[in-house]
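# Examining the three-dimensional arrangement
As a plain string of letters, each chain reads:
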Amino acid sequence: VQLVESGGGLVQPGGSLRLSCAASGFTFSRYGMRWYRQAPGKERELVAGITSAGDSTNYAHSVEGRFTISRDNGKSTVYLQMNSLTPEDTAVYYCSVVQLGRRYWGQGTQVTVSS
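To keep things clear, this report deals only with the structure shown in the data block. (Residues numbered from 1 in each chain as written. Predicted model: local features only at pLDDT ≥ 70, side-chain atom pairs only at ≥ 80, totals over all residues. Heavy atoms only, no water.)

### Digging into the sheet that holds strand β8 (residues 77-82)
Spatially, β1-β3-β8-β7 is the arrangement adopted by the four strands of the open sheet, whose pairing is antiparallel. If you trace the sheet from one side to the other, it starts and ends with β1 (2-6) and β7 (67-72), each paired once. Across this sheet, the average inter-strand angle for adjacent strands is 15 degrees, counted without regard to direction. Here strand β3 (residues 17-24) pairs with β8 via six bridges, running antiparallel. (Pairing = 2+ DSSP bridges. Helix = DSSP H or I, 4+ residues; strand = E, 2+ residues; numbered from the N terminus. Axes fitted to C-alpha atoms, helices over the stretch in contact; angles between N-to-C directions.)

This is how it looks when you write it as structure tokens:
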């Protein structure tokens, strides 16, 4: 299993970013996917999840209405569209999948929201 995140960077408050997570080593279309984030000095927290078919999503209250998770099973990629970003969204963002009871993580991508 390999998960590779990209798309992070420095953005001003109110701005947008789109994160991508390219998956390989497993049958992507059979598994739900999640995005997590970890801010400095804080625990890793769940941001958003999507079912294997992409027909159901869920979000942390802190990002609901601003972030959108989606997936392209043909490209084995999951996305996180982030709008109206605030400094509180600054964190390393990780995508994740559970297989046979084990959770796999990507290396993460840094998102910094600052003026």
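### Here's the deal with the nonpolar core
Soluble globular proteins tend to bury their nonpolar side chains together. Ranked by size, the top nonpolar core spans 28 residues in total, and within it Trp35, Val78, Leu80, Met82 and Tyr93 carry the most contacts. Filtering out sequence-adjacent residues up to four positions away, Leu80 remains in contact with Leu17, Arg18, Leu19, Trp35, Val47, Ala48, Phe67, Thr68, Ile69 and Tyr93. (Core = buried A, V, L, I, M, F, W, Y, C linked by side-chain atoms within 4.5 Å. Buried < 20%, exposed > 50% of the residue type's maximum accessible area, 1.4 Å probe, protein only. Contact = heavy atoms within 4.5 Å.)

### A few points about the pairing of strand β9 (residues 91-99)
β9 sits mainly inside the fold: seven of its nine residues count as buried. Note: β9 against strand β11 (residues 109-113), three bridges, orientation antiparallel. By the bridge assignment, Ala91 is partnered in β11 with Val111. Where β9 meets strand β10 (residues 102-105), four bridges bridge the pair, whose relative direction is antiparallel. When the sheet's bridge partners are listed, Ser96 is paired in β10 with Trp105. Remark: two residues form the turn of the hairpin made by β9 and β10, two consecutive strands paired antiparallel; Leu100 in that turn has positive phi of roughly 50 degrees.

### Things to note about the packing of aromatic side chains
Per the counting criterion, the structure on display carries four aromatic pairs. Judged by centre distance (6.2 Å) and plane angle (50 degrees), the ring pair of Phe26 and Phe28 falls under tilted. Residue Phe26 shares its accessibility class with Phe28, and that shared class is buried. Ring geometry for Phe26 against Tyr31: centres 5.7 Å apart, planes inclined by 80 degrees, an arrangement best described as edge-to-face. Among the residues examined, Tyr31 registers a relative accessible area of 26% and is labelled partly exposed. (Phe/Tyr/Trp six-rings, centres within 6.5 Å; stacked < 30°, edge-to-face > 60°.)

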